[in-house]
Amino acid sequence: MNAVSKTDKYINKQIRRKKVGGKFTVKKFLEYFFTYLGLLIIAFIFAFPVIWLVLASFSESGSMYTFKGFFPSSYSVDTFVKLFTDTEMYDYPRWFGNTMIIAVCSALLGSLLVILTAYVISRFRFNGRKGIMKLTMVLGMFPSFMAMTAVYLLMTQFDLINQLWGLVLIYSAGAPMGYLTQKGFFDTISNSMYEAARIDGASNFKVFIRITLPIAMPMIIYTLLTSFTWPWSDFILPKLLLKNRDLYTVAVGLMSLGDTEFARFAAGSVFIAVPIIILYFLLVKYMVNGLTAGAVKE
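Because the structure is a prediction, the values reported are computed rather than measured.

Caption draft 1: Molecular detail of the nonpolar core. Residues Tyr119, Phe185, Phe186, Ile189 and Val207 are the most contacted members of the largest nonpolar core, which totals 18 residues. Of all hydrophobic cores here, the second largest spans 17 residues; its members include Phe80, Tyr90, Tyr92 and Leu254.

Caption draft 2: Geometry of the packing of aromatic side chains. Evaluation of the coordinates by the stated rule reveals 17 aromatic pairs. Here Phe29 and Phe33 contribute two aromatic rings whose centre-to-centre distance is 6.2 Å and whose plane-to-plane angle is 20°, an arrangement assigned as stacked. Separated by four residues within a single helix, Phe29 and Phe33 lie in helix α2 (residues 26-57), roughly one turn from each other. By relative accessible area, Phe33 is classed as partly exposed at 42%. Taken together, a centroid distance of 5.3 Å and an interplanar angle of 20° make the contact between Phe228 and Trp232 stacked.

Caption draft 3: Inspection of helix α9 (residues 180-187) at higher detail. Of all the positions in α9, only Gln182, Lys183, Phe185 and Phe186 are classed as buried. Along the long axis of α9, the arc covered by the buried residues comes to 160°, so they all point the same way. Of the surrounding secondary structure, the elements contacted by the buried residues of α9 are α5 (92-123), α6 (129-139), α11 (204-215) and α12 (217-233).

Rules and cut-offs
Residues numbered from 1 in each chain as written. Predicted model: local features only at pLDDT ≥ 70, side-chain atom pairs only at ≥ 80, totals over all residues. Heavy atoms only, no water. Core = buried A, V, L, I, M, F, W, Y, C linked by side-chain atoms within 4.5 Å. Buried < 20%, exposed > 50% of the residue type's maximum accessible area, 1.4 Å probe, protein only. Phe/Tyr/Trp six-rings, centres within 6.5 Å; stacked < 30°, edge-to-face > 60°. Helix = DSSP H or I, 4+ residues; strand = E, 2+ residues; numbered from the N terminus. Arc of directions from axis to C-beta. Contact = heavy atoms within 4.5 Å.

Here it is, written out as structure tokens:
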């Protein structure tokens, strides 16, 4: 009886606390006010450069050294037209095409290498496996620009300076270093499916093609997107290896614009985000569907 009464008292006490906590007090108002105020300030700090860049891209003329570059007095789409038609000095369409070739090829080849690396590390046990994992984690702690001198010397020896394929090889070769996210996904796939497939006589290649890849489609799409966005927006490597103006990527080409071409710079910066946005809206449904459909996981 005493135990029941103590339980009832405890429940009633918790109910009273919830009722008191549900009241709107000055303390709660101030807490919510400053929380949302802080969030709005942070959002404004991150959104202001984007808004400013979009507004400046529709400016008839503007410079980053005047307020016209920040807040244009008149707006026009002529800057975008000029971006693709006036190519005598600044060939933006060619730069855009170069960037697309590098990003697409790097995404396809790099994603293949990342998926294979992650699958092997996740599913197979061999000598040196843990050593490789530790080594890649240690190497990943160092910034990539530390190897720029060595990369430049290697590209010079292999005659890959001013070659788009040189950038593709570098991006693809460095992609497997970031295999840990993919490995974590493969680790969650149930071993029972692999055992059943091997009992039925399936080889390792068939297991990978017919079981692993369909289940791992969300991770494959994620890998493709990340492998695409890195070379698409990179500046350091293209600036280091591409000396010919016709071989520039968009990032390098935009940085070569004159100080009076700020409106063109803004328009080019805005347009470069278009492929990423299109890819996201086209592939996001496959990512969501793939995460919720398919196999049973342990």
